[in-house]
Amino acid sequence: MEKLWVIDFGSQYSLLIVRRARELGVYAELIPWNRLPPTPPSEVKGLIFSGSYASVSEGPPLPDTWIGKRPALAICYSAQWLAAKGGGAVAESHAREYGPATLEITDSSPLWRGVANRTQVWMSHSDTITALPHGARATARTSSIPYAAYEIPLQKVYAVQFHPEVIHTLEGSIMLRNFLYDVCGFAGDWTPEKEIESLIDALRSQMPEGRAIGALSGGIDSTVAALLCYRAIGDRFVGIFVDTGLLREGETEAVLEAYQAVGLPVRCIPASESFFSALKGIHDPELKRKTIGQLFIQLFESEAQKLTDVRYLLQGTIYPDVVESGAGVSATIKSHHNVGGLPEKLSLKLIEPLKFFFKDEVRSLGRQLGLPESFLRRHPFPGPGLAVRILGEVTPERAERLRRADALYLHVLQEKGWYDQTWQAFAVLLPQRSVGVAGDQRRYGETIVLRAVNSTDGMTAEPTPLPMEVLFEAARRILAEVPDIVRVVYDLSTKPPATIEWE
Ligand code: XMP
């Protein structure tokens, strides 16, 4: 399969470049700059060198021996590095260039086909190119920098100091498409669905004999991974769903129905009592997460031990998880996995069929595999479930209170057409009591927080600007229908510094 390699020098946008290429039908992979083979593999038809957190004087080197071997688009830091090392010069900018700028095209380039002569681009750099490298010609400028883009035709290098991968570069997708289709010659016909048969074949050969087990959380990733695995090895795969009692309203039933609809056999372990008794008296968020994680593993393990010849553990790890946990250069590690520690304990081989796919691609795979649209459209939900949305002690009564409020809120969002316009929405229960009044009675009750965020991958998020009438309606229904709630508030925090979940 033909591939684009995005060489990562540590820019915050590196993974975004991969996404953009795939959106344009080109299969792309992120490769850290320090893990490159001596020459580009034959299936790699084009290269994009990313930006970086570093400046050229102290930053990582571009692979000299690769230049000229494949068409390459050099972005920001990489454009500067090639200029500085190729006989040009880079100097600190008088003003840090950050934000929108107007690009003025000064010479023809395959990148500019179909792009307006003046167009908005996104800049994010503190150095700038002051002299071009040997053999280069400038192709665009802005009012503050003379070399916003240049080319070295003999080396097949196309360099831009702005970020075409960011949506604020309004014609960035056209420029990327021009590079991928016209310069590199990619066909642009890759889709994740086309991978299904080869994924299934690969799973079959990875697991020639013995059983595989996998925990199903009700989420898309674990479900799609399980479906692929089931298609590959049939009944040798055993899916286990632990009902923790911490799911959303009606979710256990809906999830089990969806599994049934696609013919995926799953063992359901009812365990809500065990979870509530383990969580008794625990207020600390980390301790809550740990308690849930450990109990989950215990239950899963004892179910696995009832089976013979189990050799593999299936996990629904997706691409951003892999990159976040160290495959990229700009790694920040998150430990979101619910079954961490299990493979070593049970000496199982880890199987991760989705580790090169993005969430939206996993959704497309799921659609192709026959999962219902209502299942695919559901918002993300954390492994520890409602427990991280119940501040203070998690009791069955408080879980029920939150579940009710959350269901009413989501119902109002669906009714008003906002559910699909927000990336994730949910209610949170605070132990904070305040004074209310009902009829002539004083009520001293808990607080519900409504949260709705826009995000692309959960790494950063902004509060969704929900219309007041939607918020009023959700608050009205919660106050009327959920006993012991006397106050409803809306969370306006961005991530960072707040996280999306409250705990
Ligand atoms: P935070 O709260 O870290 O959440 O801003 C980012 C996204 O990840 C989800 N999340 C989790 N998912 N296990 C999961 O599977 C977890 O422990 C977990 N914690 C947070 C969260 O719902 C949001 O979409």
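These figures come from a predicted structure and were not determined experimentally.

What counts and how
- Residues numbered from 1 in each chain as written.
- Predicted model: local features only at pLDDT ≥ 70, side-chain atom pairs only at ≥ 80, totals over all residues.
- Heavy atoms only, no water.
- Core = buried A, V, L, I, M, F, W, Y, C linked by side-chain atoms within 4.5 Å.
- Buried < 20%, exposed > 50% of the residue type's maximum accessible area, 1.4 Å probe, protein only.
- Helix = DSSP H or I, 4+ residues; strand = E, 2+ residues; numbered from the N terminus.
- Domains from an automatic or database assignment.
- Contact = heavy atoms within 4.5 Å.
- Pairing = 2+ DSSP bridges.
- Axes fitted to C-alpha atoms, helices over the stretch in contact; angles between N-to-C directions.
- Near = heavy atom within 4 Å.
- Polar contact = N/O pair within 3.5 Å; in protein donor to acceptor, adjacent residues only side chain to side chain.
- Areas by Shrake-Rupley, 256 points an atom, 1.4 Å probe, with all protein chains shown as cover.
- Nonpolar A, V, L, I, M, F, W, Y, C, P; charged D, E, K, R; others polar.
- Left-handed = near helix turned anticlockwise from the far one by under 90°.

Student: Sorry if this is basic, but what is going on with the nonpolar core here?
Tutor: The nonpolar side chains of a soluble globular protein tend to be buried, and buried together. Counting 51 residues, the largest nonpolar core has Tyr-409, Leu-413, Ile-448, Leu-450 and Ile-478 as the members making the most contacts within it. In terms of residue count, the dominant contributor to this core is helix α13 (residues 396-415) (8 residues). Each of domain 2 (192-376) and domain 3 (390-490) gives at least three residues to this core. Discounting residues that sit within four places of it in the chain, Leu-450 has contacts with Tyr-409, Phe-426, Ala-427, Leu-471, Ala-474, Ile-478, Val-488, Val-489, Tyr-490 and Asp-491.

Student: Could you clarify how one ought to interpret the sheet that holds strand β10 (residues 211-216) in this entry?
Tutor: In sheet architecture, strand pairing relies on hydrogen bonds along the backbone and comes in two forms, parallel and antiparallel. With parallel pairing, the 5 strands of this open sheet are ordered in space as β12-β11-β10-β13-β14. This sheet does not close on itself; its edge strands, each paired only once, are β12 (266-270) and β14 (349-351). The sheet shows a mean angle of 30 degrees between the axes of neighbouring strands, direction not considered. Pairing between β10 and strand β11 (residues 237-243): 5 bridges, direction parallel. Note on β11: the bridge partner recorded for Ala-212 is Phe-237.

Student: Is there a simple way to think about the site of the ligand in this case?
Tutor: As a structural note, the neighbourhood of the ligand is formed by 13 residues, with Arg-289, Gln-424, Lys-495, Ile-500 and Glu-501 the closest of them. Within the backbone of Gly-383, a nitrogen or oxygen atom sits 3.0 Å from a nitrogen atom of the ligand. A distance of 2.5 Å is found between an oxygen atom of the ligand and a side-chain nitrogen or oxygen belonging to Glu-501. Calculation on the ligand without its partners gives an accessible area of 500 Å², and the protein chains cover 86% of this total. Along the lines of polarity and charge, the residues of the shell around the ligand split into 5 nonpolar, 5 polar and 3 charged.

Student: Mind showing me how you'd approach the packing of α13 against helix α14 (residues 468-481) here?
Tutor: Helices that pack against each other are described as a pair by the angle of their axes relative to one another and the distance between those axes. With their axes 9 Å apart at the nearest point, α13 and α14 run at an angle of 145 degrees to one another. Regarding α13 and α14, the two cross each other, and that crossing is right-handed. Contact residues: α13 offers Arg-404, Ala-405, Leu-408, Tyr-409, His-411, Val-412, Leu-413 and Glu-415, while α14 offers Val-470, Glu-473, Ala-474, Arg-477, Ile-478 and Glu-481. Tallied by class, the residues present in the contact of α13 with α14 amount to 8 nonpolar, 1 polar and 5 charged.

Student: What is the right way to look at unusual backbone geometry in this model?
Tutor: Leaving glycine aside, a negative phi is the common case for residues, and trans is the common case for peptide bonds. Going from Lys-495 to Pro-496, the amide bond is cis rather than trans, its omega being -10 degrees. Looking at the element boundaries, Pro-496 is found in the segment after β18 (485-490). The residue after Pro-496, namely Pro-497, is reached through a cis peptide bond having omega 5 degrees. Relative to the assigned elements, Pro-497 resides in the segment after β18. We note that Asp-309 has phi near 55 degrees; this positive angle belongs to a residue other than glycine.

Student: Where do I start with the side chain of Thr-142 in this structure?
Tutor: Looking at the element boundaries, Thr-142 is found in the loop between β7 (137-141) and β8 (149-152). Judged by its relative accessible area of 1%, Thr-142 falls in the buried class. Every residue in contact with Thr-142, bar those within four places of it in the chain, is listed here: Glu-97, Ala-101, Thr-102, Leu-103, Glu-104, Met-123 and Ala-148.

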